[in-house]
Amino acid sequence: MSLEGESAPEFELPSTAGDTVSLSDELEEGPAVVLINRGVWCSFCAEQLQTFSEVSYDMWFHDDVSVVPVVPDPLPEVTEMRDRYDLQIQLLADPDGEVCDRYSGTEETSHGLTGLAATYVIDESGTVRYEQVSDTPADRTYGNWVRYYIRNDYEPPFEG
């Protein structure tokens, strides 16, 4: 089931910054990008997170965009991932996979419960304007593309 055009499911999760983050709080200032990750072990997830880490300040400063990565692992492991990859964004821990399941879904793998990797752009009203659920672990939408998608009034920036 696609969430595109629908209201984004609300959530509240612990952050690697030591606080609790809710989607509704993030949307008070502007759009949000929700990234569903497979887990702390996923190198493709780390690569995608690094691209968002590089553009997150620019998106926040110029467009009031919040980047909200959700990782289906316990907070200590998620914090270690943030530090290992020197990410400038905070990650949210979803150890039971409840938020991941409400967005793209979850699956049991050799790593245990994992999220299905996905990218969601949610506008200020809470509507999902873009959804990309990965067909393969390497299939990702990167930060720079999302930055220009939002700046192009939620239209693909490099078409036409």
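Overview of the structure. If you're wondering where the values come from, they're calculated on a predicted model, not measured in any experiment.

Reading guide: rules and limits
- Residues numbered from 1 in each chain as written.
- Predicted model: local features only at pLDDT ≥ 70, side-chain atom pairs only at ≥ 80, totals over all residues.
- Heavy atoms only, no water.
- Helix = DSSP H or I, 4+ residues; strand = E, 2+ residues; numbered from the N terminus.
- Rg over C-alpha atoms; globule rule 2.2 N^0.38 Å.
- Buried < 20%, exposed > 50% of the residue type's maximum accessible area, 1.4 Å probe, protein only.
- Contact = heavy atoms within 4.5 Å.
- Areas by Shrake-Rupley, 256 points an atom, 1.4 Å probe, with all protein chains shown as cover.
- Lys, Arg positive; Asp, Glu negative; His and termini not counted.
- Charge placed at Lys NZ, Arg CZ, Asp CG, Glu CD.
- Salt bridge = Lys/Arg side-chain N within 4 Å of Asp/Glu carboxyl O.
- Pairing = 2+ DSSP bridges.
- Phe/Tyr/Trp six-rings, centres within 6.5 Å; stacked < 30°, edge-to-face > 60°.

### Regarding the overall build of the chain
When its secondary structure is counted, the chain shows 5 helices and 9 strands. Taking 160 residues into account, the globule formula puts the C-alpha radius of gyration at 15 Å, and the chain, at 14 Å, falls close to it. Projected onto the principal axes, the alpha-carbon positions of the chain cover approximately 40 × 30 × 25 Å. Counting across all 160 residues of the chain, residues that qualify as buried make up 51%. Within the chain, counting contacts between residues at least 6 apart in sequence, those at least 24 apart form 62% of the total. For the chain, the accessible surface area stands at approximately 7700 Å², while carbon and sulfur atoms represent 45% of it. Of the side-chain charges in the chain, 8 are positive and 33 negative, and the distance between the mean point of each set is 5 Å.

### Re the pattern of salt bridges
As a working rule, side chains carrying opposite charge can pair if their charged atoms are close by. Scanning all chains against the criterion turns up 7 salt bridges. In this structure, R38 engages E107 in a salt bridge whose closest nitrogen and oxygen atoms are separated by 3.2 Å. Placement of the pair is R38 in the loop between β3 (32–36) and α2 (43–63) and E107 in strand β6 (residues 106–109), with a sequence separation of 69 residues. Residue classification places R38 among the buried residues on the basis of a relative accessible area of 12%. Across the pair D58 and R147 runs a salt bridge, and its minimum N-O distance is 2.7 Å.

### Details of the sheet that holds strand β8 (residues 118–122)
One open sheet accounts for 5 strands, arranged β5-β4-β3-β8-β9; its pairing is mixed. Lying at the two open borders of the sheet, with one neighbouring strand each, are β5 (92–93) and β9 (128–133).

### Re the packing of aromatic side chains
In this structure the tally under the stated criterion is 9 aromatic pairs. Ring centres of Y103 and Y120 lie 5.1 Å apart, and the angle between their planes is 70°; this geometry places the pair in the edge-to-face category. Of this pair, Y103 sits in helix α4 (residues 98–103) while Y120 sits in strand β8; the two residues are 17 residues apart in sequence, bridging distant segments of the chain. The exposure class of Y103 is buried, given its relative accessible area of 5%. Linked through ring pairs, Y130, W145, Y149 and Y154 together constitute an aromatic cluster.

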